[in-house]
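# An overview of the molecular structure
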Amino acid sequence: MKMFNTSTGGANSRVKLFVFVMICAVSAMAWTFVKVGEQASTHQSRMTEVSEQLVLSQRIAKYALAAATGDTNAFENMGKSKSAFGGILERQMRDFGNVSGQGETDASVALTNLENHWLGFRHNIDAVLEGQVLIMAMAESTALMSEVMPQLMEHTQDVTNTLVKQGASPQQVKLASTQSVLGQRIVNSLNNVLSGNKTESAAILFAADTKEFGRVLDGFMRGTGGITQLKGTALKAKLQKIALLFSRVSDNAGSIVENAEELVTIQAAATEISGQSEALFNAAKELRTVLASSAGNALVRPALVYVLGGIALVMMFLIGFEALKNTRQRSHLVEDENVHNQEAIMRLLDEMGDLASGDLTVHTTVTEDFTGAIADSINVTVDSLRGLVKTI
């Protein structure tokens, strides 16, 4: 019996292929979303860290200059900034630095340049940090001088005024006036030592002026060194006050002179930091520029998402089209089969029309249609009837 073949094996194969391609495209699109997000996050993190390095390079220079003048907070802030900058640089070297020597990129070259500038910069930072004790001691000495010297100079001027009133010799008046000048020079020299303004020569001048001030003061009090001793209760009382104040100055004079050379080294390091900060800033700025331009050269780009999405949509369209095509094809096949069956039924009825009139010579056509079995049964039945009639 013949039945219509409604097999759609080829169509099913195509649908399976389309489904497979669509799943692959969707999976790749999801992976691309994740990868693009990771790349964007990494890029943003890199840009943020480089921007922080730009700020730190300027802050460290400011803290170094402040630390050289004895600012305690500046030392602490400079140490923190140094650690922050160094920590960022270490992460950058692990992230995209050419640590394995497998090939340089623009970013790794710019990072190496930044590291080279940082090494010299860090050396000077360490020199300033290591000199904190000395700088703070010098700052304390300066603070002491700022407190003592105005009083000392005031008493010295009083001695000069008293000598003038008492009609002392011109030599004594001149020596007393010179003490006031020496006091002012001592203050100026000490300020120059701490500020780094010709530190060594300032320290030498400070020592010489301090020594000379002490020599004249001792002469006024005891008549030593060819200087006439000053008489009078009032003058001696003032000289005693001057001696007490000056002792506080002279106690610090030795350490200031002894440490002048080391202080010069520390101040030179602080000055170099100020000069190097611009080069370090420019190196960090160059790295930021390179990183910003490399964002467009990423291996996985956002445009790939749209391409994969387009492929997935095309596959969905093709799957729908194949489904519609298969449905129509099946509909046509069923319709053709129904028509064919109806034709077979009508043919069988036509052939059986004479049988209804008693014609036992009728022979129905046996086909491969579903009516073929019926026609064959009818033929057998008619043959049997025909044999029975002949027997009668």
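In this text the structure is predicted, and so the values were computed from the model without any measurement.

Counting secondary structure elements, the protein contains ten helices and zero strands. Listed N to C, the secondary structure of the protein is α-α-α-α-α-α-α-α-α-α in terms of helices and strands. For the protein, the C-alpha atoms occupy an extent of roughly 190 × 40 × 25 Å along the three principal directions. Within the protein, the fraction of its 392 residues that count as buried is 36%. Within the protein, counting contacts between residues at least 6 apart in sequence, those at least 24 apart form 76% of the total. Surface summary for the protein: the accessible area is close to 22200 Å², and the carbon and sulfur share equals 57%. Within the protein, the 40 negative side-chain charges are centred at a point lying 14 Å from the centre of the 33 positive side-chain charges.

Now for the confidence of the model for the protein. Of all residues in the protein, 91% have pLDDT values of 70 or greater, and the mean over the chain is 82. Low pLDDT (under 50) marks residues 1-6, which in the prediction has twelve contacts with non-local residues, meaning those over four places away or in another chain.

Right, let's talk about a nonpolar patch on the surface for a bit. Taken together, the side chains of Ile345, Met346, Leu349, Phe370 and Ile374 present a nonpolar region at the surface, about 430 Å² in accessible area. Top element by residues in the nonpolar patch is helix 9 (residues 303-356). It accounts for three residues.

The next point concerns helix 10 (residues 372-391). Helix length check: helix 10, at 20 residues, gives a terminal C-alpha distance of 29 Å against a target of 28 Å (1.5 Å per residue), a fit within 8%. Inspection of helix 10 places Gly372, Ala375, Ile378, Asn379 and Val382 among the buried residues, and these make up the whole buried set. Seen along its axis, helix 10 keeps its buried residues to an arc of 115°; they face one direction. Residues of helix 10 that are exposed and angled more than 90 degrees away from the buried face: Ala373 and Thr391.

Turning our eyes to something else, we now look at the environment of Gly226. Here Gly226 shows up in the loop between helix 6 (199-222) and helix 7 (233-258). For Gly226, a relative accessible area of 71% translates into the label exposed. For the pair Gly226 and Val216, spaced ten residues apart in sequence, the C-alpha to C-alpha distance is 9.6 Å.

Take the packing of aromatic side chains next. Summed over the entire model, instances satisfying the criterion amount to three aromatic pairs. With a centroid separation of 4.3 Å and an interplanar angle of 20°, the aromatic rings of Phe85 and Trp118 are classed as stacked. With Phe85 in helix 2 (residues 72-96) and Trp118 in helix 3 (residues 106-130), the pair connects residues that are 33 residues apart, well separated along the chain. Each member of the pair, Phe85 as well as Trp118, is classed as buried.

With that settled, the discussion passes to helix 6. The end-to-end C-alpha distance of helix 6 is 34 Å, a good match for the 34 Å that 24 residues give at a rise of 1.5 Å each. Every buried residue belonging to helix 6 is among Thr199, Ala202, Ala203, Phe206, Asp209, Thr210, Phe213, Gly214, Val216, Leu217, Gly219 and Phe220, and all of these are buried.

Glancing now at the packing of helix 6 against helix 8 (residues 260-294). Where helix 6 contacts helix 8, the axes come no closer than 9 Å and their chain directions differ by 150°. What the angle tells us is that helix 6 and helix 8 run roughly antiparallel. As helix 6 packs across helix 8, the resulting crossing turns out to be right-handed. Here helix 6 contributes Thr199, Glu200 and Ala203 to the contact with helix 8, which in turn contributes Ala260, Leu263, Val264 and Gln267. Looking at the contact of helix 6 with helix 8 residue by residue, the classes come out as four nonpolar, two polar and one charged.

Reading the values: rules and limits
Per-chain numbering applies: the sequence of each chain, read as written, is numbered from 1 onward. Whole-chain, interface and lining totals are the exception, using all residues; otherwise, since this is a predicted model, local features are given only for residues with pLDDT of at least 70 and side-chain atom pairs are given and counted only at 80 or more. Only hydrogens and water are set aside when side-chain values are computed; all heavy atoms of the structure are taken into account. A helix here means a DSSP run of H or I that spans at least four residues, while a strand means a run of E at least two residues long, and both kinds are numbered starting from the N terminus. Relative accessibility under 20% of the residue-type maximum defines a buried residue, over 50% an exposed one, and the middle range a partly exposed one, all with a 1.4 Å probe and only protein chains included. It only takes one pair of heavy atoms within 4.5 Å for two residues to be counted as in contact. Computed with the Shrake-Rupley method and a 1.4 Å probe, the accessible areas treat only the protein chains shown as cover for residues. Charged residues are defined here as Lys and Arg on the positive side and Asp and Glu on the negative side; His and the ends of the chain fall outside this count. By convention, charge coordinates are those of NZ in Lys, CZ in Arg, CG in Asp, or CD in Glu. The predictor attaches a confidence to each residue, and that confidence, scored 0 to 100, is pLDDT. In this scheme, patches are assembled from residues that exceed 30% relative accessible area and form no salt bridge. Like charges are connected within 9 Å, while nonpolar side chains (Val, Leu, Ile, Met, Phe, Trp, Tyr) are connected within 5 Å. The rule for a salt bridge is simple: a side-chain nitrogen of Lys or Arg has to be within 4 Å of a carboxyl oxygen of Asp or Glu. Each residue after the first adds 1.5 Å to the expected span of a helix. By definition, the arc is the one covered by directions from the helix axis to the C-beta atoms. Under the pairing criterion, centres of Phe, Tyr and Trp rings, with the six-membered ring standing for Trp, must be within 6.5 Å; the plane angle then separates stacked pairs below 30 degrees from edge-to-face pairs above 60, leaving the rest tilted. Fitted lines through C-alpha atoms give the axes, limited to the stretch in contact for helices. The angle between two N-to-C directions lies from 0 to 180 degrees. Oblique is the label for every angle not falling under 35 degrees (roughly parallel), over 145 degrees (roughly antiparallel), or within 65 to 115 degrees (roughly perpendicular). Left-handed describes a crossing in which the near helix is turned anticlockwise from the far one by less than a right angle; the clockwise case is right-handed. Under the scheme applied here, ten amino acids are nonpolar (Ala, Val, Leu, Ile, Met, Phe, Trp, Tyr, Cys and Pro), four are charged (Asp, Glu, Lys and Arg), and all others, including Gly, are polar.

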